[in-house]
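Geometric and topological summary
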Amino acid sequence: MNNWGIRSRALFLALIPVAVIALLLDVYFINTRVNDLEQGLLERGHAIVHQLAPAAEYGIFSDNQEILKRLARAALNEADVSSVTFLDVTKKVLAHAERSTSPPQLGKQILAAAAPSIAEQSQRTTLRFSAPIFLSSIAWDDSQESSALTGPPQKVIAAKLLGQVIVRMSHSATKIRQIEVIVNSLVLTLLGLAISAALALRISRTISDPVLGLTEAVRKLESGQLETRVRNISGGELGELQQGINAMANALENVQGELQEQIDQATVELRETLESVEIQNVELDLARKRAIVANRAKSEFLANISHEIRTPMNGVIGFTTLLGKTQLDEEQREYVETIDKSASSLLTIINDILDFSKIESGKAAIQDFHFDLRESVEEVLTLLAPLAYDKSLEIVNFIYSDVPLALRGDPIRIRQVLTNLIGNAIKFTDFGSVVLRVMLEDEDTNTASIKITVTDTGIGLSATDQQRLFVPFTQADSTETRRYSGTGLGLAISKKLVELMKGKIGVESEQGQGATFWFTLRCRKDNTAVHEVSDPFAALSRHRILVYETHPSARLALRHMLNAGNMLISECTEADKLQHLLEAATGDRMPYQILVLGLSGEELEPDKFSALLTPLRDYYSGPVLILVNTTQRAVINLLCGLGATACLTKPVRLKQLAESFSRLLNPNLPAPYCAQEPSVAMPAPQRTLDGVRILIADDSAINRKLVSTLLKHHGAKVEEAEDGDMACNLNADRDYDLIFMDINMPILSGVQATQHIRAGENGLRHTPIIALTANALAKERDRLISAGLDDCLLKPVHERELLAMVTKWIPGLTGTALAATPADINPDMQYGAQGTGIIDRKRALTDELLGMLLAELPTQQQAMEEAFIDDNMAVLHSHVHRLHGSASYCDMPQLMASASALEKALLQKMRDAIPALYATLRAVIDDTLRNHGKSL
C-alpha cells in the first residue's frame, strides 16, 4: 500500500466504507428474510395439521377411508405439503397421499408396513407435523423433524383417541425462495458498489489529475526541461502548489542561463589551460625519456661496475686464501686474515647494493621449485655458526614437529632473509644466545603458513629505532651501533623479499633486552615429492640416551629433535648428577647406550673436559658424542684424544645426529670421526674427495681443465668427455659417483646424454648429474631438472660452490667444502659464482687456461664468421656459448661481457641487435689476440 498512487488511495478510501456498510446491510437483510421464510413454513405446517385433525374425526370414527383420502388430496393443494398420512390408534395407515406418483394399491397391510420407510426417506428433506385425533375433542402435539411423537400428548382432554394425522412439509420451495433472496441481495449490493466506484473514480480524478500533473512537471524539471510549466486550473492548496512550482521553474531557468554563461567562460579558460598542460606534457615526456635513458645508463653502470669490482675482488679473496695456506709468521697471517675479512665485507656490500637495485627496479623475481625447509634452515645456521662461536654465543635451532618440510617456493631468497636476520642477531649480540624457531601458523590441503623467528639477547631496539629499522641505508642507532658497521640495506632487502613472497616481517624488542625478528611465508606443499623416512631415528627405537647440556635453550632444542624417535631420553644439567645417573644405571638391565655431552665454550678447555669425562669412565664405557661450539680441528682432535668418540658442531643437524647415532651403535657401519684411535690424524682438508669418481662432460677443453684441476686437488678421480656421446659410453663402462654435464655439446647435448644415461639405469641406480650452464634464468634450471638432471652449477665455476655441490650429492661428504663466509650467501651465488675470474690454486693454472683460450680463439673466430655469413644462428650460438664459458675462466671481462651480450641476443632471437653485437665481439677478439699476443 505504501507504493500506491494518489488515485489508488482515493479510490480505496472512497470504496472501503461503502463496501463495509453494504456488506453489513446485505448480511442483515439476507439473514432476516431467510429466517422469515423458515418461520412461515413452520406456521403453515401447524395450521394445516390442526385443520386436518378435526376434519378427519368422522372419517376415522366411521372407518370411511374415502373421506380421509379426499382430505389428504385436498391438503396436497397447499404448495409446500409433500404428503399426508392418517393413522389409527394401532399406527395403521388409514389413508396416505403424496405429491409424487401415488404408490400402487397394495392394501392396508402393505401401506402399514411401508410407513416407517416412507417416514425415514422424507424425514431428511421435509418437516413433520402431527396431531392426535379424538372423538370429542382435539389434543395436539407439534414437532419438527427432530422431534418425533414418542409418548402421550403433552395436553389431553379426557376423550377417546381415534388416531393421528401426519403432514410433511417440503423445504424445496422455501430453499428456492431463500436463494432468490440471497442472489437478489448480492446483485443489489454489487450494483450499489459499482455505482459508488464510478462516483469515487470521478471524484478521485479531480484530486489525482492535478497532483499527477505536478509530478510530471517536477520530473521534467529534474531531467533539465526547465521550460516546463504547470496549468493553474485548481484552487486552494493545489493552486498554491502549482503557482510555487511555476515560480521555482522560472528561478531554475534563470540560474541555468547564468551557469551556462559561466561554463562557457570556464571552458575558454580551460582550453587555454589544456594547451599549457599539453606543452608541459610534451616537456615531461621528453624528461621521462631522458630519465629512462639515464636509468638504463645507471643500470648498465651498476652491472658494469659490479662486474668490474667483483672481478678483482674474487681475485683478491682467492689469492688471499691461497696466500693463507703458505708458510707465514703470525704477523703475516694476521694481515692476511684482515685482508680476507675486509674483502669479504666489501663483496657483501656490493652484493647488497646490487640486490637492492634489482628489487627497486622490479627485476627481482621469486622462483618456485621444490625445497626442504629443514635443510635450508640448517644450511644457513651451519654457515653462520662460526661467527657465533667467535663470540662464545649459543646458537639454537627449533623446528617444530608439525611444520611441513616438503614445500615449493624460493629457498634462495628464504636463505638470504635468514642470513640477514641471523647475521644481524649475531652481530648485535655480545653474550648469551641466538634462537631460531620455525613454527606452523595454519595450513590447508595445498598450502602452509610458516612463521620464522630469530631471538637474540643483544642490545635491543627502542620504539624510535624500530620505526626506521627497515628504511634503506639506515641503521637503528647512528652512535651505538656504528661500531658494528654495515650499509643498512640488509633488513630493507629482507623486507622487500618477504613482501615479494606474499609474507610479512616485523620486530619485537625493548632497549637493552634483545630483539625478536619474525617473518611469515605462505608456501605451497610439495605433495608429489619423494622423501626419506620421516623418522630418522627409526632404527634406534627403545635405545637409552643420556644427554648432558647446561644451556636451557640448547637442551630443549636437542630434546625436541630427539623426540622425533621412539628413544628413552634422560637429561642432566649438572656434572655431579650426570655421574650419579651413570652409576645408578650400571646395575640396570638396559644401561645407557649413548652419552651426549653438549659443551659450552669454557667446558672445551682440556682440564675441564677431562674433569668432566674421566670420572664417568668408571661407570660408563660406551660411546660419547660431543656437541661443541667450535670448528677448530685442533680443539676437536684434542677432545678426541681425551676420550670423545665423535664430535658434532652446534647447532647439530638432524641427519648428522641420526647418522652419528647409527654409526656409534652399529659396528658394521663406517665409524664417525673420532671413533679411531686418538693418534690417527684427521685427513687433510684438500684430500677430502679421495676415492670419489667424477665424470666431466664438456666440449670446451678449458672448462674441463679447470673443473678437473679443482676436483683432483681434493683427491677426486676425474675423467673427461668431449661430447655427450662419449659421456654415455664412459658411463656405460664405469660407475661414477657424480657427473658434471655441459648442456651445449656436439653429437649429443647435455639433456640428450642425460636422458640416455637415465634410460640405461633402469631404476637400479641413480647417478647424480649436475648441469654446467651459463644460463642463470630460473626457467632454464626448471627445464633441466624436469629433463632428468639433478641440479645446476652456473659458469664460471667457483671452487667453493663446486665442492658444495659435490658434498651435497655424494653421501658421507658433509663438511668437506670450505667453510663459507656470510659474503658467500648471495642469491646470485647459490648455484655458482657470478663474478668473473677464478679462485685458482696456482698461477700456472691461470696461465695454462689463458694459453688454451688464445690458441682456440682464431679457430673459433673463423667458425663464428662462417656461421654468421651463412645466417646459421644455431651454430653461431654454440660457438659464442663456448667462448663465453672459456672467457669467464680466464679473467677476461671484456671478452666475456661481449660474448654474453651476443649469446643473450641469440637466445632471445633479437635479430636486429645481433649484427652490432657480433661486430663488437669480433673487435674484442681482435684486440685480445693483438694485446695478449704481444704480452706472450
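What you are looking at is a predicted structure, and each value in this text was computed from that prediction instead of being measured.

1. Let's talk about the nonpolar core
Ranked by internal contacts, the top residues of the largest apolar core, which has 47 residues, are Ile694, Leu711, Phe740, Leu895 and Leu921. Residue contributions to this core peak at seven residues, all from helix α22 (residues 843-869). Look past the residues within four positions of Phe740 in its chain and what remains in contact with it is Ile694, Leu695, Ile696, Ala697, Leu711, Ile770, Leu772, Leu793, Leu802, Met805 and Val806. Core analysis: the next-biggest nonpolar cluster, separate from the first, contains 45 residues, Val438, Ala448, Phe517 and Leu521 among them.

2. Quick word on the pattern of salt bridges
According to the stated counting rule, one finds 31 salt bridges in the structure shown. Where Arg44 meets Asp80, a salt bridge forms, and the shortest distance between an N and an O atom there is 2.0 Å. In this pair, Arg44 sits in helix α1 (residues 6-55) while Asp80 sits in the loop between α3 (65-75) and β1 (81-88), placing the two residues 36 residues apart along the sequence. Take Arg44: its relative accessible area is 33%, and that puts it in the partly exposed class. The closest approach of N and O atoms between Glu379 and Arg415, which form a salt bridge, is 3.9 Å. With Glu379 in helix α8 (residues 373-390) and Arg415 in helix α9 (residues 411-427), this residue pair connects regions lying 36 residues apart in the sequence. With relative accessibility at 31%, the residue Glu379 sits in the partly exposed group.

3. Regarding the sheet that holds β1
As summarised here, the arrangement of the four strands in space is β2-β1-β4-β3, forming an open sheet in which the pairing is antiparallel. Pairing within the sheet leaves two strands with one partner each, and these edge strands are β2 (93-98) and β3 (126-134). Taken pair by pair, the neighbouring strands of this sheet meet at an average axis angle of 10°, ignoring direction. Bridge count for β1 against β2 is five bridges, and the pairing is antiparallel. Opposite Thr85, over in β2, you have His96 as the bridge partner. Against the sheet, α3 makes contact with β1 and β2, and its axis sits at roughly 25° relative to β2, the strand it touches most.

4. Topic: the environment of Thr550
Among the secondary structure elements, Thr550 is positioned in the loop between β12 (544-549) and α12 (552-562). The spatial distance from the C-alpha of Thr550 to the C-alpha of Leu599 is 7.8 Å, given a sequence separation of 49 residues.

5. Considering the packing of helix α17 (residues 701-713) against helix α21 (residues 799-809)
Geometrically, a packed helix pair is captured by the angle between its two axes and the distance between the axes. Running from amino to carboxyl end, α17 crosses α21 at an angle of 65°, the nearest separation of the two axes being 11 Å. When the axis of α17 is compared with that of α21, the two are roughly perpendicular. Crossing handedness for the pair α17 and α21: right-handed. Residues Val707, Leu710 and Leu711 of α17 touch α21, and the partners they reach there are Glu799, Leu802 and Val806.

6. Remarks on the side chain of Asp723
When you line up the elements, Asp723 lands in the loop between β18 (717-721) and α18 (724-733). Buried and without a salt bridge, Asp723 has Arg704 as its closest oppositely charged side chain, separated by 8.3 Å. Here Met726 takes part through its backbone nitrogen, which lies 2.7 Å from a polar atom of the side chain of Asp723.

7. Description of the sheet that holds β18
Pairing between the strands of a sheet comes from backbone hydrogen bonds, and it takes one of two forms, parallel or antiparallel. Pairing in this open sheet of five strands is parallel, and the strands run β18-β17-β19-β20-β21 from one edge to the other. Here the strands that pair on one side only, and so sit at the sheet edges, are β18 and β21 (791-794). Neighbour-to-neighbour, the strand axes of this sheet turn through a mean angle of 25°, independent of strand direction. Pairing analysis gives five bridges linking strand β17 (residues 693-697) to β18, with the strands arranged parallel. Within β18, the position partnered with Ile694 by the bridge is Val718. Running over the sheet, α17 touches β17, β18 and β19 (738-742) and is turned about 170° from β18. Relative to the sheet, α21 contacts β17, β19, β20 (769-773) and β21, its axis offset from that of β21 by approximately 170°.

8. Describing α18
All of the buried residues in α18 are Gly724, Ala727, Cys728, Leu730 and Asn731. Each buried residue of α18 sits inside an arc of 165° when the element is viewed along its axis, so together they form one side. Along α18, the residues that are exposed and aim more than 90 degrees away from the buried face are Ala732 and Asp733. In this structure, the buried side of α18 is in contact with β17, β18, β19 and α19 (750-761).

9. Side note on the packing of aromatic side chains
As enumerated under the stated definition, the model contains two aromatic pairs in all. Arranged with centres 6.2 Å apart and planes meeting at 15°, the rings of Phe398 and Tyr400 form a pair that is stacked. Relative accessible area serves as the criterion here: at 28%, Tyr400 is assigned to the partly exposed category. When the ring of Phe868 is compared with that of Tyr918, the centres are 4.4 Å apart and the planes differ by 15°; the resulting orientation is stacked. Pair noted here: Phe868 is in helix α22 and Tyr918 is in helix α25 (residues 914-935), with a separation of 50 residues, a long-range link. Taking the relative accessible area as the measure of exposure, Tyr918 reaches 3% and is therefore buried.

10. Examining the side chain of Asp26
Its place among the elements puts Asp26 in helix α1. One buried charged side chain, Asp26, makes no salt bridge at all; its nearest oppositely charged neighbour is Arg33, positioned 11 Å away. Leaving out residues up to four positions away in the same chain, Asp26 has contacts with Ser185, Leu186 and Thr189.

11. Examining α12
Taken as a whole, α12 has its buried residues at Ala554, Arg555, Ala557, Leu558, Met561 and Leu562. Seen end-on, α12 carries its buried residues on one side only, within an arc spanning 165°.

12. A closer look at the environment of Leu854
The topology assignment puts Leu854 in helix α22. Through-space distance from the C-alpha of Leu854 to that of Leu929 is 6.8 Å; in sequence the pair is 75 residues apart.

13. Things to note about the pairing of β1
With respect to burial, β1 is a largely interior element, eight of its eight residues being buried. Pairing analysis gives seven bridges linking β1 to strand β4 (residues 161-170), with the strands arranged antiparallel. When the sheet's bridge partners are listed, Ser83 is paired in β4 with Arg168. Hairpin connection, β1 to β2: the antiparallel pair is bridged by four residues, and Lys91 has positive phi, about 70°.

What counts and how
- Residue positions are given per chain, counting from 1 as you read along its sequence in written order.
- Local features in this predicted model are restricted to residues of pLDDT 70 or higher, and side-chain atom pairs are both shown and tallied only at a pLDDT of 80 or more, whereas totals for entire chains, interfaces and linings draw on every residue.
- Side-chain numbers come from the whole structure's heavy atoms, not from hydrogens or water.
- Within this scheme, the nonpolar core is defined by two criteria: the residues are buried Ala, Val, Leu, Ile, Met, Phe, Trp, Tyr or Cys, and they are joined through side-chain atoms within 4.5 Å.
- In this scheme, a residue with accessible area under 20% of its type's maximum is buried, one over 50% is exposed, and one in between is partly exposed, where area comes from a 1.4 Å probe on protein chains only.
- Strands here mean DSSP runs of E at least two residues long; helices mean DSSP runs of H or I at least four residues long; both are numbered from the N terminus.
- Residue contacts follow a heavy-atom distance rule, with two residues in contact if any of their heavy atoms lie within 4.5 Å.
- Salt bridge, as applied in this entry: a Lys or Arg side-chain nitrogen positioned within 4 Å of an Asp or Glu carboxyl oxygen.
- For two strands to count as paired, DSSP must find a minimum of two bridges between them.
- Each axis is a line fitted through C-alpha atoms, and for a helix only the stretch in contact is used; angles between axes span 0 to 180 degrees, taken between their N-to-C directions.
- Convention used here: angles under 35 degrees read as roughly parallel, angles over 145 as roughly antiparallel, angles from 65 to 115 as roughly perpendicular, and any remaining angle as oblique.
- A crossing counts as left-handed when the near helix is turned anticlockwise from the far one by less than a right angle, and as right-handed when that turn is clockwise.
- Here the positive residues are Lys and Arg and the negative ones are Asp and Glu; neither His nor the chain ends is included.
- Polar contacts, as counted here, are pairs of nitrogen or oxygen atoms within 3.5 Å of one another; within protein the pair requires one atom able to donate a hydrogen and one able to accept it, and residues that are adjacent in sequence qualify only if both atoms are side-chain atoms.
- This arc describes the spread of directions from the helix axis toward the C-beta atoms.
- The criterion for an aromatic pair is that two Phe, Tyr or Trp rings (for Trp, the six-membered ring) have centres within 6.5 Å, with stacked assigned to planes under 30 degrees apart, edge-to-face to planes over 60 apart and tilted to the rest.

Taken by themselves, the reported measurements are silent on function.
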